[in-house]
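What the coordinates show
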Amino acid sequence: MDKNTRAALRQVAATGQAPDTPSAVAPAARAAQRLQFSTNGIPSGNRLELWEHHNAKALLPLDIRTIDDSPLRARELSLRYGSLRFAGVRGSAQVVERNERFIRQHPTGVVAICFALEGETFFFHRDGNESLKPGQAIIYDADLPFMRGFSKGLKELVLTIPRDDYMELSGGTSLVRPQVVDFNQGTEANQQMRALARLVSDSLAERVSGDPVPAVCPEGAALDMLGLLASGGRGGPGPGHLFAARNYIEEHLHDPGLDITGICSAIGVSERQLSRIFAAAGEPPASFIRERRLGKAREVLIDPVHGSRSVGRIAGELGFASQSYFTRAFKARFGIAPLALRREALGGTDT
């Protein structure tokens, strides 16, 4: 992928609009290629071979073995955005390997990032081994020998990027050994990595505009966040920081202490930089927070599961200073008072 294409994709990710050049518009507008696989309905004797065949086509060629005599169970959804591949993978206990001989026969030229969601994993490589727990991700060069084992099965997200692109993003620094990064909640979590996992997950779920995190160009946002990760945070604020900030906001909507200072601290930018990032996207950060809280309140109000929660409680849980302020803001945004919306949606009453 050339520099002009990368720059165009990042602009789309940041602003939602492509530059006025035909060469830039085309890659940003392309739809993802989708591949899907499941062992359901496949005779047990054929599952392993077909699972290997699918992975070689959709993600990475792997030498795969089961751990016991139980029939393999696996399913995968993968999306291809230009040179990037996103995947969601589930499977029963298995071992996957790429040794030197296998790599010579099946070179990939990619760097892979695996986000562990369920199940502990061992990762053997030529310099040692890593133990990967849910909430951790591992970044590795797929053309360096490794073996991964899932003794109790796996559920993970995967992203691959061409090695040459990764090298350019990192400023020419090679990935000589695997890197483990926390992306779960907590003080150790890397917010760019957490946002990247969210981006892959949301893309696989085919979320549409109006869902919690606004629609972005997945390829452009992923490239920018990968650039931040590969370079150790070097480089100016861009769509990667924007997506990380929006993701952090989304996950802290119920926190009454959510503020600009906390967001900046979490994603590693100054308040001035954060304002510039959001201004480029057309909305100040404070307005974005308010909009998301109102949107979340609307979701709760029309959901029968939350029918017993009062309007005042909902307002308080979403950080509004008072029910009266919440009601005025809600009516200004949606053209109807929260209580009236609930009655209209559920046919009931509230306080």
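Relevant structure appears above.
Now for the packing of helix 11 (residues 285–301) against helix 13 (residues 323–334). The geometry of a pair of packed helices is captured by two quantities: the angle between their axes and the separation between those axes. The N-to-C vectors of helix 11 and helix 13 enclose an angle of 90 degrees; their axes lie 11 Å apart at closest approach. Between helix 11 and helix 13, the interaxial angle falls into the category roughly perpendicular. Each of R290, E291, L294, G295, A297, R298 and L301 in helix 11 lies in contact with helix 13, whose residues at this interface are Y325, F326, A329, F330, R333 and F334. Here the contact of helix 11 with helix 13 is built from residues that sort into eight nonpolar, one polar and four charged.

Moving on, we come to the sheet that holds strand 7 (residues 121–125). Read across the sheet, five strands follow the order 2-5-10-7-8 without closing on themselves; strand pairing throughout is antiparallel. The outermost strands of the open sheet, each flanked by one partner alone, are strand 2 (63–66) and strand 8 (128–132). For this sheet, the mean angle separating the axes of adjacent strands, direction not counted, is 15 degrees. Two strands pair when backbone bridges link them, and strand 2 and strand 5 (residues 94–98) are joined in this way by four bridges, in the antiparallel orientation.

Remark: helix 7 (residues 218–230) packs on helix 8 (residues 239–251), axes separated minimally by 7 Å, with the N-to-C direction vectors making an angle of 95 degrees. Between helix 7 and helix 8, the angle is such that the two are roughly perpendicular. Contacts between helix 7 and helix 8 involve A221, D224, M225 and L228 on the former and, on the latter, P239, G240, H241 and F243.

Here we come to the packing of aromatic side chains. Counted under the stated rule, the structure contains twelve aromatic pairs. Both rings, one in F115 and one in F183, keep their centres 5.3 Å apart while their planes meet at 90 degrees; by these two values the pair is edge-to-face. Taken as a pair, F115 in strand 6 (residues 110–118) and F183 in the loop between strand 12 (179–182) and helix 6 (191–204) lie far apart in primary sequence, 68 residues in all. In this pair, the class of F115 matches that of F183, namely buried.

Reading the values: the criteria
Residues numbered from 1 in each chain as written. Predicted model: local features only at pLDDT ≥ 70, side-chain atom pairs only at ≥ 80, totals over all residues. Heavy atoms only, no water. Axes fitted to C-alpha atoms, helices over the stretch in contact; angles between N-to-C directions. Helix = DSSP H or I, 4+ residues; strand = E, 2+ residues; numbered from the N terminus. Parallel < 35°, antiparallel > 145°, perpendicular 65-115°, else oblique. Contact = heavy atoms within 4.5 Å. Nonpolar A, V, L, I, M, F, W, Y, C, P; charged D, E, K, R; others polar. Pairing = 2+ DSSP bridges. Phe/Tyr/Trp six-rings, centres within 6.5 Å; stacked < 30°, edge-to-face > 60°. Buried < 20%, exposed > 50% of the residue type's maximum accessible area, 1.4 Å probe, protein only.

Any functional reading would require information beyond the geometric quantities listed.
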